[in-house]
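As a plain string of letters, each chain reads:
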Amino acid sequence: MGDAEDGVRPKRTVFVTVGTTCFDALVRAVDTREVQQELSARGYTDLVIQMGRGTYTPKKSNGEDGSLVVDYFTFSPSIVDYLRSASLVISHAGSGSIFETLRLGKPLIVVVNEDLMDNHQTELAEELAERKHLYCARPQALYKTIADMDVESLLPYVSGDAAPVAKHINRFLGFPDD
Amino acid sequence: MAFGSVVAALTALVLLILIRFLYILRWSGKPLHGKSRRTYSTLIVLGSGGHTAEMLNLLSVLQKDRFTPRFYIAAATDNMSLQKARVMEDSLIDVAGVKVEETAKYLQIYRSREVGQSYVTSVWTTLVATAHALYLMILLRPEVILCNGPGTCIPLCAIAFLFKVLGIRWSSIFYMESIARVKRLSLSGLLLYKLQVADQFFVQWPELQRKYPRAEYVGCLM
């Protein structure tokens, strides 16, 4: 009733996930005023950070001063519910996280962990970004990607199919086609 | 005289192994003819990161009654993969709606090398891992091996190949390179491809098929 209702924006959550890894650079980046202000400016109200095995602990916030509501946790048996209720996902470049998010049709920014040796994760993130299924960003430039992104322009990802492989395997072993 | 017989025997043995080796190379990768069975005992190699998710995704389209019994194997330091496999197996029910018999086995194997481990100590740990792999393979002697990249599959596939040469067991090895590999093969993939150890080698992105023509391009699985 009354004024409390006015100016209350619908809840739009940003979910940050690092999977089972340690990715302090990403957690630090989303803990900066730069990034959080940019997220607020783009209309997001809440920020939930799944920090995995990270050593850097972000600051919680109850958003009283109009800023983002920020919370974090380390692990969860399943992040599906967090993904489902998110309006934007910012994820490390693990293929599991990427495809889980794309299958749910959520806008996704993938941040590659440059501290990993032999970084094969970049290939997948870059390929999918080229095909316009997600945005790719480096931790230091995350705020810029958030500022410039147009999530409506992202193309939906059509799930792959393991049936062709099964067909090859079955044929090789002498089974009749299903 | 005795020396001459020993030399002759050794020469014969080496020739035999060589001929057998060439026979294996000739028939590896060819669909099984005359050796077809109705069921195949199957070793499934799981791995951390996306490997297990991708493998379980592949298993979801394979008819379970053809690939049974199933043996799941993961590195000793991988805490989650075997559990994920267990959950999947427990959820299986057959056509009649009856719970599938619980024949699946879950095993752990020593890693050849942990991430960041020094290469000096890796020599020893690789030997230990290979000995462990030999022990497990003697135990299981699977007819089909499914793997998709974790380093743990290398000792297992090497021993499977050895078993082929020695006539202990003919395993059909299917290697599925991870979806994360778009332009370059993983080290495991490269080894198995170059040494022609896998019977069938699948890649999920077209550029890899161009670079590695003996691979089969099957599109993205996820």
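Residues numbered from 1 in each chain as written. Chains lettered and ligands numbered in written order. Predicted model: local features only at pLDDT ≥ 70, side-chain atom pairs only at ≥ 80, totals over all residues. Heavy atoms only, no water.

Peer 1: So what's going on with the state of the cysteines? Residues and values would help.
Peer 2: Simply put, disulfide is the name for a covalent bond between the sulfur atoms of two cysteines. Using the criterion set out here, one finds 0 disulfides over all chains in the structure. Between Cys22 of chain A, a free cysteine, and Cys136 of chain A, which holds the nearest cysteine sulfur, the sulfur-to-sulfur gap is 20 Å. Not engaged in a disulfide, the cysteine Cys153 of chain B finds its nearest cysteine sulfur in Cys147 of chain B; these two sulfurs lie 4.2 Å apart. (Disulfide = S-S within 2.5 Å.)

Peer 1: Would you mind going over the domain arrangement of chain B in detail, with residue names and values included?
Peer 2: All names here are of chain B. Along its sequence, chain B is organised into domain 1 (1–30) and domain 2 (32–217). The C-alpha centroid of domain 2 is placed 29 Å from the C-alpha centroid of domain 1. Each side of the interface is counted separately: domain 1 has 10 residues, and domain 2 has 9 residues. The junction of domain 1 with domain 2 conceals about 880 Å² of combined surface from both sides, 64% of it contributed by carbon and sulfur atoms. Linking domain 1 to domain 2 there are 0 salt bridges. For the side of domain 1 that touches domain 2, the class distribution of residues is 6 nonpolar, 2 polar and 2 charged. (Domains from an automatic or database assignment. Contact = heavy atoms within 4.5 Å. Buried area = accessible area lost by both parts, 1.4 Å probe. Salt bridge = Lys/Arg side-chain N within 4 Å of Asp/Glu carboxyl O. Nonpolar A, V, L, I, M, F, W, Y, C, P; charged D, E, K, R; others polar.)

Peer 1: Requested: an account of the interface of chain B and chain A, with residues and values cited.
Peer 2: Of the residues lining the interface, 38 residues belong to chain B; the matching set on chain A comes to 31 residues. Taking both partners together, chain B and chain A bury about 2,900 Å²; carbon and sulfur atoms supply 64% of that area. Viewed at the interface, chain A and chain B are joined by 2 salt bridges. Its salt-bridge partner being Arg184 of chain B, residue Glu123 of chain A comes within 2.9 Å of it at the nearest N-O pair. The interface formed by chain B and chain A holds 9 residue pairs in polar contact (both at pLDDT 80 or more) in total. Elements with a minimum of two residues in the side of chain B that touches chain A: helix 2 (51–59), strand 4 (144–147), strand 5 (172–176) and strand 6 (200–203) of chain B. Tallied by class, the residues present in the side of chain B that touches chain A amount to 21 nonpolar, 7 polar and 10 charged. (Polar contact = N/O pair within 3.5 Å; in protein donor to acceptor, adjacent residues only side chain to side chain. Helix = DSSP H or I, 4+ residues; strand = E, 2+ residues; numbered from the N terminus.)

Peer 1: Residue-level account of the side chain of Ser171 of chain B, with values.
Peer 2: When you line up the elements, Ser171 of chain B lands in the loop between helix 5 (153–166) and strand 5. Take Ser171 of chain B: its relative accessible area is 1%, and that puts it in the buried class. (Buried < 20%, exposed > 50% of the residue type's maximum accessible area, 1.4 Å probe, protein only.)

Peer 1: Can you explain the pairing of strand 5 of chain B? Please cite residues and give values.
Peer 2: Residue and element names in this part refer to chain B. Here strand 5 lies mainly inside the structure; 5 of its 5 residues are buried. Burial along strand 5 is two-sided: Ser172, Phe174 and Met176 facing one way and Ile173 and Tyr175 facing the other are all buried. Two elements, strand 4 and strand 5, share 4 bridges in a ladder whose sense is parallel. Residue pairing across strands places Val144 opposite Ser172, the latter belonging to strand 5. Taken together, strand 4, helix 5 and strand 5 form a β-α-β motif whose crossover is right-handed. Where strand 5 lies against strand 6, 3 bridges are found, and the strand directions are parallel. From the neighbouring strand, Phe174 faces strand 6, where its bridge partner is Gln200. With helix 6 (residues 187–194) bridging strand 5 and its parallel neighbour strand 6, the resulting β-α-β unit is right-handed. (Pairing = 2+ DSSP bridges. Right-handed = clockwise from strand over helix to strand, strands pointing away.)

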